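Observations on the model geometry
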Amino acid sequence: MRRISIFGATGSIGQNTLDLIGRDREAYQIVALTGGQNVAQLAADAKRFNAELAVTADPARLADLRSALAGTGIEAAAGPSALLDAASRPADWVMSCIVGSAGLAPGLRALEQGASLALANKESMVCAGPLMLATARAHDATILPVDSEHSAVFQALIGEDIATVERVIITASGGAFRDWPLADLAKATPEQAAQHPNWDMGQRITIDSASMFNKALELIETKEFFQIDPSRIEAVVHPESMIHALVGFTDGALMAHVGPPDMRHAIGFALHYPDRKSLPVERLDLVALGQFTFRSADETRWPALRLARGVMATGGLSGAVFNAAKERALDGFIDKRIGFQQIASVVEEVLSRVSAQQGHIDADITLDNVMNADHLARVRADEIMTELEG
Ligand code: NDP
Ligand code: MG
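Turning next to the sheet that holds strand β1 (residues 2-7). The sheet built from seven strands is open, its strands ordered β4-β3-β2-β1-β5-β6-β7 with parallel pairing. Looking at which strands have only one partner, the edges of the open sheet turn out to be β4 (75-78) and β7 (142-145). Shown here is a sheet whose adjacent strand axes are inclined to one another by a mean of 20 degrees, direction ignored. Direction of pairing for strand β2 (residues 28-35) relative to strand β3 (residues 53-56): parallel, over a ladder of four bridges. Bridge pairing in β3 links Leu 33 to Ala 54. Lying on the sheet, helix α4 (residues 80-88) is in contact with β1, β2, β3 and β4; it crosses β3 at an angle near 150 degrees.

This structure, assessed with the given rule, holds zero disulfides. The closest cysteine sulfur to the non-disulfide-bonded Cys 97 is located on Cys 127, 17 Å from its own sulfur. Residue Cys 97 is classed as buried on the basis of its relative accessible area of 12%. What makes Cys 127 buried here is its relative accessible area of 2%.

Glancing now at the coordination of the magnesium ion (ligand 2). Around the magnesium ion (ligand 2), the donor atoms from the protein are Asp 147 (OD), Glu 149 (OE) and Glu 218 (OE), and they sit 2.1 to 2.2 Å away. In terms of primary sequence, the donors binding the magnesium ion (ligand 2) are separated according to D-x1-E-x68-E. Highlighted residues: Asp 147 in the loop between β7 and α7 (148-157) and Glu 218 in helix α10 (residues 213-226), separated in sequence by 71 residues. You'll find Asp 147 and Glu 218 in the same group, each marked buried.

Attention now goes to the packing of α4 against helix α5 (residues 104-112). One can describe the packing of α4 onto α5 by two numbers: an axis separation of 8 Å at closest approach and a directional angle of 25 degrees. In this view, α4 runs roughly parallel relative to α5, as classed from their interaxial angle. For the element pair α4 and α5, the recorded crossing hand is right-handed. In this structure, α4 contributes Leu 83, Leu 84, Ala 87 and Ser 88 to the contact, and α5 contributes Ala 105, Pro 106, Arg 109 and Ala 110.

The next thing to look at is the packing of aromatic side chains. Summed over all chains, the structure comprises eight aromatic pairs. The interplanar angle of 70 degrees and the centroid separation of 5.4 Å between the aromatic rings of Phe 154 and Tyr 273 together place this pair among those described as edge-to-face. On the criterion of sequence distance, the pair formed by Phe 154 in helix α7 and Tyr 273 in the loop between α11 (264-272) and α12 (286-289) is long-range, its members being 119 residues apart. Among the residues examined, Phe 154 registers a relative accessible area of 16% and is labelled buried. A residue is classified by how much of its surface remains accessible, and Tyr 273, at 32% relative accessible area, is partly exposed. Centroid distance Phe 213 to Phe 322: 5.6 Å. Interplanar angle 40 degrees. Geometry classified as tilted. With Phe 213 in helix α10 and Phe 322 in helix α14 (residues 318-334), the pair connects residues that are 109 residues apart, well separated along the chain. As far as the burial class goes, Phe 213 and Phe 322 line up, both buried. Three or more aromatic residues link up through ring pairs in this structure, and these residues are Phe 177, Trp 180, Phe 333 and Phe 340. For Arg 301, the ring lying beneath its charged end belongs to Trp 302, and the centroid distance is 5.5 Å.

Residue position: Thr 171 is located in strand β8 (residues 165-172). Accessibility expressed as a relative area gives 6% for Thr 171, which makes it buried. Separated by 2.6 Å, the side chain of Thr 171 and the backbone oxygen of Ile 243 make a polar contact. With sequence-adjacent residues up to four places away left out, Thr 171 is seen in contact with Glu 149, Lys 215, Val 236, His 238, Ile 243, His 244, Ala 245 and Leu 246.

There is a patch of like negative charges on the surface, built from Glu 160, Asp 161, Glu 166 and Asp 251. Relative accessible area serves as the criterion here: at 44%, Asp 161 is assigned to the partly exposed category.

Take the pairing of β4 next. Judged from the four bridges that link them, β3 and β4 form a sheet pairing that is parallel. When the bridges of β4 are listed, Leu 53 appears paired with Glu 75. Remark: the β3/helix α3 (residues 62-69)/β4 crossover connection has right-handed handedness.

This part is about unusual backbone geometry. The omega torsion across Tyr 273 and Pro 274 is 5 degrees, close enough to zero to call that bond cis. Tracing the backbone shows Pro 274 in the loop between α11 and α12.

Within the open sheet, the five strands sit side by side as β11-β10-β8-β9-β12. Their pairing is mixed. What marks the edges here is a single partner per strand, and that holds for β11 (254-258) and β12 (295-296). As paired strands, strand β9 (residues 233-237) and β12 are joined by two bridges and run antiparallel to one another. The partner of Val 236 across the bridge, within β12, is Ser 296. Contacting β8 and β9, α10 crosses the sheet at an angle of about 155 degrees to β8.

With that settled, consider helix α1 (residues 12-22). Helical geometry note: an α-helix holds 3.6 residues per turn, so side chains three or four residues apart project in the same direction. All buried positions along α1 are accounted for by Ile 13, Gly 14, Thr 17, Leu 18, Leu 20 and Ile 21. Within α1, the buried residues cover an arc of 160 degrees as seen down the axis, which keeps them to one side.

About the thresholds
Residues numbered from 1 in each chain as written. Chains lettered and ligands numbered in written order. Predicted model: local features only at pLDDT ≥ 70, side-chain atom pairs only at ≥ 80, totals over all residues. Heavy atoms only, no water. Pairing = 2+ DSSP bridges. Helix = DSSP H or I, 4+ residues; strand = E, 2+ residues; numbered from the N terminus. Axes fitted to C-alpha atoms, helices over the stretch in contact; angles between N-to-C directions. Contact = heavy atoms within 4.5 Å. Disulfide = S-S within 2.5 Å. Buried < 20%, exposed > 50% of the residue type's maximum accessible area, 1.4 Å probe, protein only. Donors = N, O, S within 2.8 Å, 3.2 Å for Na, K, Ca; no water. Parallel < 35°, antiparallel > 145°, perpendicular 65-115°, else oblique. Left-handed = near helix turned anticlockwise from the far one by under 90°. Phe/Tyr/Trp six-rings, centres within 6.5 Å; stacked < 30°, edge-to-face > 60°. Lys NZ or Arg CZ within 6 Å of the ring centre and 35° of its normal. Polar contact = N/O pair within 3.5 Å; in protein donor to acceptor, adjacent residues only side chain to side chain. Patch = residues over 30% accessible without salt bridge, like charges linked within 9 Å, V, L, I, M, F, W, Y side chains within 5 Å. Areas by Shrake-Rupley, 256 points an atom, 1.4 Å probe, with all protein chains shown as cover. Salt bridge = Lys/Arg side-chain N within 4 Å of Asp/Glu carboxyl O. Lys, Arg positive; Asp, Glu negative; His and termini not counted. Charge placed at Lys NZ, Arg CZ, Asp CG, Glu CD. Right-handed = clockwise from strand over helix to strand, strands pointing away. Arc of directions from axis to C-beta.

Structural data, given as structure tokens:
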């Protein structure tokens, strides 16, 4: 039996992962499941899958978790250090699907155990790509991409020589506002931004899709994961979300990965890697689909993409600053402190203020330095949002 842990089990990716595992229950032993606020879901899944341990990130929810698990023999724990302890338990395969930079430390700890880390938490690569890769190398661990675009690129690269890659194109649906006139974006609400045209995902990544910050993170993730020069990485809007990424080779060939917008493909690919097994995803009828369309990813409409180019050029801790600033600005938008278009202006201003402070961007990429940069960026983002409100 393969020993499996899921960090972020109560979320959209976590639930899709459990859906796949539940179809072949006998093949897996669940070590740890973790969640945040949704303790009822966490306890129900821990019982259904007979997990050894359930952890909520929020210590205030521990009493609820304990009482929900009373008499089951399943251990309950809470808080960031309990998440790290859970990640220290030996497991063969670990799903990293906490949302935000909170997923970084548990993922690193799982790599230190030599686990295969299925990485949905793109923030880990954006904040600390070199540290993630070095930790995996040092502990003979594997990182498998779960983000659909990166899973697509990974699959297109199997058996290929990376030196023959001319370009990587990742697609974007364009999100909730792709057809809105630019002039209307200032009035866009969080409720409207949380409606994705094609994918069913967590609230935060869905809003990030509307602002294109999700694609911005993914450009950086592509650079870090595959060690590809940023000049070779492109984003293109593909409203149907059927082609997830394309890899162009030096002979002019473009290999496209095509499939329905269902995360169980990428999760299942990572779960069974290096094998391919049957997965419960829709089989596409190309004639019924009729056509695939593409539009340019306009950096005026979506300044997040321009900011990502700057982050890729600067490197160092700028990814950590960019991500944390975005996380805080997104909180500000959800709480209606700032407007939709101000998300990007807050992030840009945080990058400029933090860069102006000597040593904050070019320090070594260690976990401590990343978390310090993350903290500093959040403080700056709060300052800037207060200035905007005043
Ligand atoms: P969700 O918001 O649906 O789930 C997030 C998970 O993280 C939940 O289990 C949540 O707990 C937990 N969580 C939230 N905050 C914290 C914290 N501070 N500490 C520990 N745990 C926390 O997100 P998604 O499943 O949509 O996304 C998860 C990750 O996967 C993100 O990095 C996202 O970018 C990435 N991803 C998601 C895709 C998708 O289709 N959803 C596609 C590609 C990548 P609770 O809900 O109990 O509070
Ligand atoms: Mg993606």
